[in-house]
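# Summary of the model geometry
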Amino acid sequence: MKYILVTGGVISGIGKGIIASSVGTILKSCGLHVTAIKIDPYINIDAGTFSPYEHGEVFVLDDGGEVDLDLGNYERFLDIRLTKDNNLTTGKIYQSVINKERRGDYLGKTVQVVPHITDAIQDWVMRQAKVPVDDDDVEPQVCVIELGGTVGDIESMPFIEAFRQFQFKVKRENFCNIHVSLVPQPSATGEQKTKPTQNSVRELRGLGLSPDLIMCRCSTPLDNSVKEKISMFCHVEPEQVICVHDVSSIYRVPLLLENQGVVGYFCRRLNLPIETKPRKMLAKWKEMSDRSDRLLEQCSIALVGKYTKFSDSYASVIKALEHSALAISHKLEVKYVDSADLEASRLQEEPVRYHEAWQKLCTRRCKHSLNVPGGFGVRGTEGKIQAISWARKQKKPFLGRTCLKFIKTEMSCSVCELNTSVPSVFQVYANSTEFDPETEHPVVIDMPEHNPGQMGGTMRLGKRRTIFKTKNSILRKLYGDVDYVEERHRHRFEVNPELTQHFEEKGFRFVGQDVEGERMEVIELDDHPYFVGVQYHPEFTSRPIKPSPPYLGLLLAAAGRLPGYLQKGCRLSPRETYSDGSGSSSPDSEIADLKLHSLAQE
């Protein structure tokens, strides 16, 4: 097993996750099996109870793990399936060590950070690195480990010490350290400054780790003189200083690293068994990136949510929209609309913001549709319902999805919207037990297994099967006319099953249910170009060259091409993206005949 540790300096949020994913991508393109681990030094057990404003969205894995959004980057770049143990936190480590102490596993010894915590970190990494993540179930050969935060943070000290010891345990030829640092370029002088990188590397070396590669984040390509200066003061060869400047798309980063000889360096430094055959996987990435830069037609999506000030709150949603836009050869324009600004109360408090929000939503664009992510609590819910109502009445393509934080799904929001818009006995009283536990007309109810006394890990989480109940379903056709799909869930509220017949009489069709037939999973509205609500998170399984079918349908509808695409049999399904039809990018699969061009021509 080869281990590649990615650390960061100067500032957080510098791009370690994208760089770690890109390193894994170029190694996988060489025929290696690659896995990834993200280490977060916070004391939380997992990311499940975070606000999106803390660390961005909460990404959900097949096994129900609620993890850092960087694991989403790993899965999208490498096309792998990770587990919750691929996200290691200080809370998990301390919980594990304390449980051992309570069982008496340490035989009466004093439990300390060194050696017990550091040993637990090393054991966890070595154990998890062997877990297969590809569909072929082969043990990985390379493990890319990203250490969150920046070098010098007090929270990350036990992890730094653990890896200082770890490099000797696994031997030098099996361990490599990439340090990601910032090279600022003040506008006053325009000169690229190396001092922050020098200081960061000096601190890292003082803690016992010497970087093998220094990857410099900068706005423009590094001058040769700057590279040589970093080389001289940071005790590395010039070829070990890698420039990672701003590029038009994050999917160009693997190509950027490849062009600077990173694969060759790893081959020499880690003795990697790299194949010499052409790297078709990387060639397709280049093709995808080039096409992205040449796009001319634009498709506008209004994203109505509660956390629009921080785009990472909707990271997977944005990526899924980008994947689908690229598949139909359109440039994506996302317009963020704060759902609270659409509410009547905002008109009284700040009329200018209210009118600006509605103007942004209702602007007349030829290719315009609506996506409504979720939120936490009651704030902004009325605004989302108003936006859904607008999309329904104006015949605008709409996709609603399950929430990010402990709120009813947008499928349920869609139910509430229709319920309050069509004549019925519930017209005035429709409500959710989340907002009013004592409501007499619960359109949305909490699930029986929901544990209201415990927040973390108590929702309906992970990959679950959805059965299509009718062949006359747009979403079923988009999935390739399959009988069922398996997608990831994260919710604790559901549509009241006692009211489904009432809604179906009004043209609201529940076309997908769970395996027991008790939970409503997919809804579609008759007499509408594209009005779809899903209980699950389809964006979590979207890939750059395998777009998520619900999002692909939304973009096709926005571009006015959905009817023609359905008539031609929806030839591009996620499983057909690869030539072997497996939906996997394992090294044994030659990614030779992507169907993106055929879709663009259609």
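Residues numbered from 1 in each chain as written. Predicted model: local features only at pLDDT ≥ 70, side-chain atom pairs only at ≥ 80, totals over all residues. Heavy atoms only, no water.

Looking at an unreviewed UniProt entry, one finds the protein chain named CTP synthase and attributed to Cyprinus carpio. For the record of the protein chain, the UniProt heading Function (unreviewed entry) holds the text "Catalyzes the ATP-dependent amination of UTP to CTP with either L-glutamine or ammonia as the source of nitrogen." Under Pathway (unreviewed entry), UniProt gives the following word-for-word description of the protein chain: "Pyrimidine metabolism; CTP biosynthesis via de novo pathway; CTP from UDP: step 2/2." (UniProt positions renumbered as here; feature names shortened; annotations may be inferred.)

This part takes up the packing of aromatic side chains. Each aromatic ring pair is characterised by the separation of its centres together with the angle its planes make. By the definition in use, this model includes 12 aromatic pairs. Plain terms: the ring middles of Tyr-42 and Phe-50 are 4.8 Å apart, the flat faces sit at 85° to each other, and that makes the pair edge-to-face. Across the pair, exposure class does not vary: Tyr-42 and Phe-50 are buried alike. Ring geometry for Phe-77 versus Tyr-251: centroids 5.5 Å apart, planes at 40°, classification tilted. Of this pair, Phe-77 sits in helix α3 (residues 70-78) while Tyr-251 sits in the loop between β9 (241-245) and α9 (253-259), placing them 174 residues apart in sequence. Both residues of the pair, Phe-77 and Tyr-251, count as buried. (Phe/Tyr/Trp six-rings, centres within 6.5 Å; stacked < 30°, edge-to-face > 60°. Buried < 20%, exposed > 50% of the residue type's maximum accessible area, 1.4 Å probe, protein only. Helix = DSSP H or I, 4+ residues; strand = E, 2+ residues; numbered from the N terminus.)

Where helix α5 (residues 113-129) meets helix α6 (residues 157-169), the closest approach of the two axes is 9 Å, and the angle between their N-to-C directions is 65°. Compared by their axis directions, α5 and α6 come out roughly perpendicular. Where α5 crosses over α6, the handedness of that crossing is right-handed. Of the residues in α6, those in contact with Val-113, Val-114, Ile-117, Thr-118, Asp-119, Ile-121, Gln-122, Asp-123, Val-125 and Met-126 of α5 are Pro-158, Phe-159, Glu-161, Ala-162, Phe-163, Gln-165, Phe-166 and Lys-169. Of the residues belonging to the contact of α5 with α6, the class tally is 11 nonpolar, 3 polar and 4 charged. (Axes fitted to C-alpha atoms, helices over the stretch in contact; angles between N-to-C directions. Parallel < 35°, antiparallel > 145°, perpendicular 65-115°, else oblique. Left-handed = near helix turned anticlockwise from the far one by under 90°. Contact = heavy atoms within 4.5 Å. Nonpolar A, V, L, I, M, F, W, Y, C, P; charged D, E, K, R; others polar.)

Here we take up the pairing of strand β21 (residues 531-534). Of the two faces of β21, the one holding Phe-531 and Gly-533 and the one holding Val-532 and Val-534 are both buried throughout. Here strand β13 (residues 398-400) pairs with β21 via 3 bridges, running parallel. Bridge pairing in β21 links Leu-399 to Val-532. Both strand β20 (residues 520-525) and β21 contribute to a ladder of 3 bridges, which runs antiparallel. Across the sheet, Ile-523 pairs through a bridge with Gly-533, a residue of β21. Between the antiparallel neighbours β20 and β21 lie 5 residues, among them Asp-527 with a positive phi of about 55°. (Pairing = 2+ DSSP bridges.)

What follows concerns the pattern of salt bridges. Taken as a whole and assessed by the stated rule, the structure comprises 36 salt bridges. Across the pair Asp-62 and Arg-488 runs a salt bridge whose closest N-O atoms are separated by 2.7 Å. A residue pair is termed long-range when its members are at least 10 positions apart, and Asp-62 in the loop between β3 (59-60) and β4 (66-67) and Arg-488 in strand β17 (residues 484-491) qualify at 426 residues. With respect to class, Asp-62 is no different from Arg-488; both count as buried. Taking the shortest distance from any N to any O, the salt bridge between Asp-290 and Lys-286 comes out at 2.9 Å. Of this pair, Asp-290 and Lys-286 both sit in helix α11 (residues 280-294), 4 residues apart, which is roughly one turn of that helix. Beyond isolated ion pairs, a larger network of salt bridges with shared partners links Asp-62, Glu-75, Asp-79, Arg-81, Arg-488, Arg-543 and Lys-546. (Salt bridge = Lys/Arg side-chain N within 4 Å of Asp/Glu carboxyl O.)

Quick look at helix α1 (residues 16-28) now. Relative to the 18 Å expected for 13 residues at 1.5 Å per residue, α1 spans 18 Å between its end C-alpha atoms, a close match to the ideal helical length. Counting buried positions over the 13 residues of α1 gives 13, a clear majority of the element. (Expected span 1.5 Å × (residues − 1).)

Let's shift gears to the confidence of the model for the protein chain. Of the residues in the protein chain, 83% have a pLDDT of 70 or more, and the chain-wide mean is 82. Across residues 422-436, where pLDDT falls below 50, the model places 42 contacts with residues more than four positions away in sequence or in other chains. (pLDDT = per-residue confidence, 0-100.)

So, about the nonpolar core. Grouped together as the largest cluster of nonpolar side chains are 53 residues, with contacts concentrated most on Val-23, Leu-27, Ile-178, Met-215, Leu-257 and Phe-266. For this core, the element with the most residues is α1, which contributes 6 residues. Those residues within four positions of Val-23 in sequence are excluded, and the remaining contacts are Ile-4, Val-144, Ile-178, Met-215, Leu-257 and Phe-266. Of all hydrophobic cores here, the second largest spans 36 residues; its members include Tyr-314, Ala-325, Tyr-479 and Val-482. (Core = buried A, V, L, I, M, F, W, Y, C linked by side-chain atoms within 4.5 Å.)

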